[in-house]
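Listed below are the residues making up each chain.
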Amino acid sequence: MTVEQVKPETSGTPAPVLLEPPLAGGGVPLLGHGWPLLRDPLAFMSRLRDHGDVVRLKLGPKTVYAVTTPALTGALALSPEYHIAGPLWESLEGLLGKKGVATANGPQHRRQRRTIQPAFRLDAIPAYGPIMEEEAHALTERWKPGETVDCTTESFRVAVRIAARCLLRGDYMDERAERLCTALATVFRGMYRRMVVPLGPLYRLPLPANREFNRALADLHLLVDEIVAERRASGQKPDDLLTALLQAKDENGDPIDEQEIHDQVVAILTPGSETVASTIMWLLQALAEHPEHADKVRDEVESVTGGRPVAFEDVRKLRHTNNVVVEAMRLRPAVWILTRRAVADTELGGYRIPAGADIVYSPYAIQRDAKSYDRNLEFDPDRWLPERVKDIPKYAMSPFSVGNRKCPSDHFSMAQLTLITAALATKYRFEQVSGSDDTTRVGITLRPQNLLLRPVAR
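Heads up: these notes are all about the structure in this document. (Residues numbered from 1 in each chain as written. Predicted model: local features only at pLDDT ≥ 70, side-chain atom pairs only at ≥ 80, totals over all residues. Heavy atoms only, no water.)

Another aspect to go through is the overall build of the protein. Check the secondary structure of the protein and you find 16 helices and 12 strands. Counting across all 458 residues of the protein, residues that qualify as buried make up 54%. Residue pairs in contact within the protein that sit at least 24 positions apart in sequence constitute 71% of those at least 6 positions apart. When the accessible surface of the protein is split by element, carbon and sulfur atoms take 54% of a total near 20500 Å². (Helix = DSSP H or I, 4+ residues; strand = E, 2+ residues; numbered from the N terminus. Buried < 20%, exposed > 50% of the residue type's maximum accessible area, 1.4 Å probe, protein only. Contact = heavy atoms within 4.5 Å. Areas by Shrake-Rupley, 256 points an atom, 1.4 Å probe, with all protein chains shown as cover.)

Following this line, the structure appears as structure tokens:
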């Protein structure tokens, strides 16, 4: 069939009538739906599909459009008519800036992708294998049977160390990992409040919460400046992502400016470390809550390795371990809310979306939807077996997004998550201890409130 064959027969064919999306219930005066989004955001977003495929929300005086189905979130992510923008990205600008690959659009984004993509090519990942192995096994050696493990601190430590050593060739990052862990928790909570309750000037008042937020944000930027300054002072040019940034050219062939270098390193180090660390925490929680799957991981690793320490080269053979990682990300996605902005009048699912409108959707709600998943709230890694995965709707599971905004580090992240899970489950069983709290802390990302585990030697 040619393009001409699918065109309307006459130019006089009336355009389809587009509908106004229904307004969600539960709003309150002045704050609109910002209040339920603060009070119980996961439940609120999970209920929206009951009201329609596209639903209007009020965040203060602003109208936002929520998309609730896998097909439409896929269309949203793939369409050039929607840019990275909206309440989420506006709230993140204080951290990510406007010049990094996470927030840029158009030609600038395409150029930045070309700069960083070589570091994440599938054939580049094996070079990071020895570092991932070393850090995964160092984690198991650092933990002692019977001692309580603070999973928040330890998860950030290994995530930052792997990112810094692989992509920035940084020296051991223990102290910086601690700073990053503390600061990101404060910053991401504050950014979430600013997203759902956009009170503008009130966030500039010298209130304790605002001062704490500003201190944490300043420390994050200082940490990145330290990393870049150390590399420049060293005169070294290792084959890594930071060297690529320092040598990158803009559209005119000139070196990219200092702010773009800073923003790119922030985008590499902070959101990536936050999401990987949060996923490691949820994987540890899953291993403790579902010991039968932890045992299956151990058995699979031993059948592949014959009893030697698990290695990077084993990762592709660890099918059940990989499925445990995917299922943990399905039920507890680190990134649970995303936004886009319409660049022109358009439509989604038969609903009118005006130019400049902000659109929001929740991977958490999509990935737990009973219309997409059998026994949707059950932890079931076997749902990702080839004979079962075909029953899951397209775009009902896109943990790294799709299209030109797909996370470039997807293979890098999956490799380290699978390797860490295999190393930990092979050496230990895990039990939650007194004082542990595995309920969900909601910010820009999701993580357990305060997960404390006791490793028990196998």
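So, about a nonpolar patch on the surface. Together, Leu199, Leu202, Leu205 and Leu207 line one region of the surface with nonpolar side chains, adding up to about 330 Å² of accessible area. Note that Leu199 resides in the loop between α8 (174-196) and α9 (208-234). Residue classification places Leu199 among the partly exposed residues on the basis of a relative accessible area of 37%. (Patch = residues over 30% accessible without salt bridge, like charges linked within 9 Å, V, L, I, M, F, W, Y side chains within 5 Å. Salt bridge = Lys/Arg side-chain N within 4 Å of Asp/Glu carboxyl O.)

Attention now goes to the sheet that holds strand β4 (residues 149-150). With antiparallel pairing, 3 strands are arranged side by side in an open sheet as β4-β12-β9. With one partner strand each, in any of the chains shown, β4 and β9 (428-432) form the two edges of the open sheet. Sheet topology note: the β9/strand β12 (residues 452-457) ladder contains 5 bridges and is antiparallel. Bridge pairing in β12 places Tyr428 opposite Ala457. Contacts from helix α11 (residues 258-289) reach β9 and β12 within the one sheet, and its direction differs from that of β9 by about 90°. (Pairing = 2+ DSSP bridges. Axes fitted to C-alpha atoms, helices over the stretch in contact; angles between N-to-C directions.)

On to helix α12 (residues 291-305). Since there are 3.6 residues in each turn of an α-helix, residues three or four apart along the chain are aligned in direction. The end-to-end C-alpha separation of α12 is 21 Å, in line with the 21 Å expected for 15 residues at 1.5 Å each. Each element contacted by the buried residues of α12 is listed here: α11, α13 (319-331) and α16 (410-427). Looking one or two residues beyond α12, the residue adopting positive phi is Gly306, at roughly 70°. (Expected span 1.5 Å × (residues − 1).)

As a further point, take the nonpolar core. When a protein is soluble and globular, its nonpolar side chains tend to lie buried together. If you look at the biggest cluster of nonpolar residues, it comprises 107 residues, and the most contacted ones within it are Leu284, Phe412 and Phe430. Among the elements that make up this core, the one with the highest residue count is α11 (15 residues). Beyond its immediate sequence surroundings of up to four residues, Phe430 is in contact with Trp143, Leu284, Leu287, Ala288, Leu424, Leu453, Arg454 and Pro455. Membership of the second largest hydrophobic core comes to 16 residues, among which are Val54, Tyr65, Tyr351 and Ile353. (Core = buried A, V, L, I, M, F, W, Y, C linked by side-chain atoms within 4.5 Å.)

What follows concerns the packing of α13 against α16. Packing of α13 against α16 brings their axes to within 9 Å, and their N-to-C directions diverge by 110°. Relative to α16, α13 is oriented roughly perpendicular. For α13 against α16, the interelement crossing comes out right-handed. Contacts between α13 and α16 involve Thr321, Asn322, Val325, Val326 and Met329 from the former and Met414, Leu417, Thr418, Thr421 and Ala422 from the latter. Here the residues of the contact of α13 with α16 are counted per class, giving 6 nonpolar, 4 polar and no charged. (Parallel < 35°, antiparallel > 145°, perpendicular 65-115°, else oblique. Left-handed = near helix turned anticlockwise from the far one by under 90°. Nonpolar A, V, L, I, M, F, W, Y, C, P; charged D, E, K, R; others polar.)

Residue position: Thr279 is located in helix α11. Thr279 gets classed as buried once you look at its relative accessible area, which sits at 6%. What Thr279 contacts, discounting residues up to four positions off in sequence, is Met329, Ala334 and Leu417.

Glancing now at the packing of aromatic side chains. Geometrically, a pair of aromatic rings is defined through the distance of the ring centres and the angle of the planes. On inspection of all chains with the given rule, the structure shows 4 aromatic pairs. Seen from their ring centres, Tyr128 and Phe412 are 5.4 Å apart, and the 85° between their planes marks the pair as edge-to-face. In this pair, Tyr128 sits in the loop between α5 (106-116) and α6 (129-142) while Phe412 sits in helix α16, placing the two residues 284 residues apart along the sequence. Per residue, the accessibility class of Tyr128 equals that of Phe412, and both read buried. With centroids separated by 6.1 Å and ring planes inclined at 85°, the aromatic side chains of Trp143 and Phe430 adopt a geometry described as edge-to-face. (Phe/Tyr/Trp six-rings, centres within 6.5 Å; stacked < 30°, edge-to-face > 60°.)

The next point concerns the pattern of salt bridges. In this structure the tally under the stated criterion is 26 salt bridges. A salt bridge links Lys296 to Asp382; the nearest nitrogen and oxygen atoms lie 3.8 Å apart. In this pair, Lys296 sits in helix α12 while Asp382 sits in the loop between α14 (363-367) and α15 (386-389), placing the two residues 86 residues apart along the sequence. In this structure, a network of salt bridges that share partners links the residues Asp374, Arg375, Glu378, Asp380 and Arg388.

What follows deals with α13. In this model, α13 (13 residues) spans 19 Å end to end at C-alpha, consistent with the 18 Å of a helix rising 1.5 Å per residue. For α13, the set of buried residues is His320, Thr321, Asn323, Val324, Val325, Val326, Glu327, Ala328, Met329, Arg330 and Leu331.

With that settled, the discussion passes to unusual backbone geometry. Phi angles above zero are rare outside glycine, and Arg375 is one such case at about 50°. The class of Arg375 is partly exposed, set by a relative accessible area of 39%.

With that out of the way, let us pick up the sheet that holds strand β2 (residues 62-67). Read from one edge of the open sheet, 5 strands run β1-β2-β8-β5-β3, paired in mixed fashion. Single-partner strands in this sheet number two, and they are β1 (54-59) and β3 (82-83).

Moving on: the pairing of β1. The pairing of β1 with β2 spans 6 bridges and is antiparallel. Bridge assignment links Val55 to a residue of β2, and that residue is Ala66. Between β1 and the antiparallel strand that follows it, β2, lie 2 residues; Gly60 among them carries a positive phi value of about 65°.

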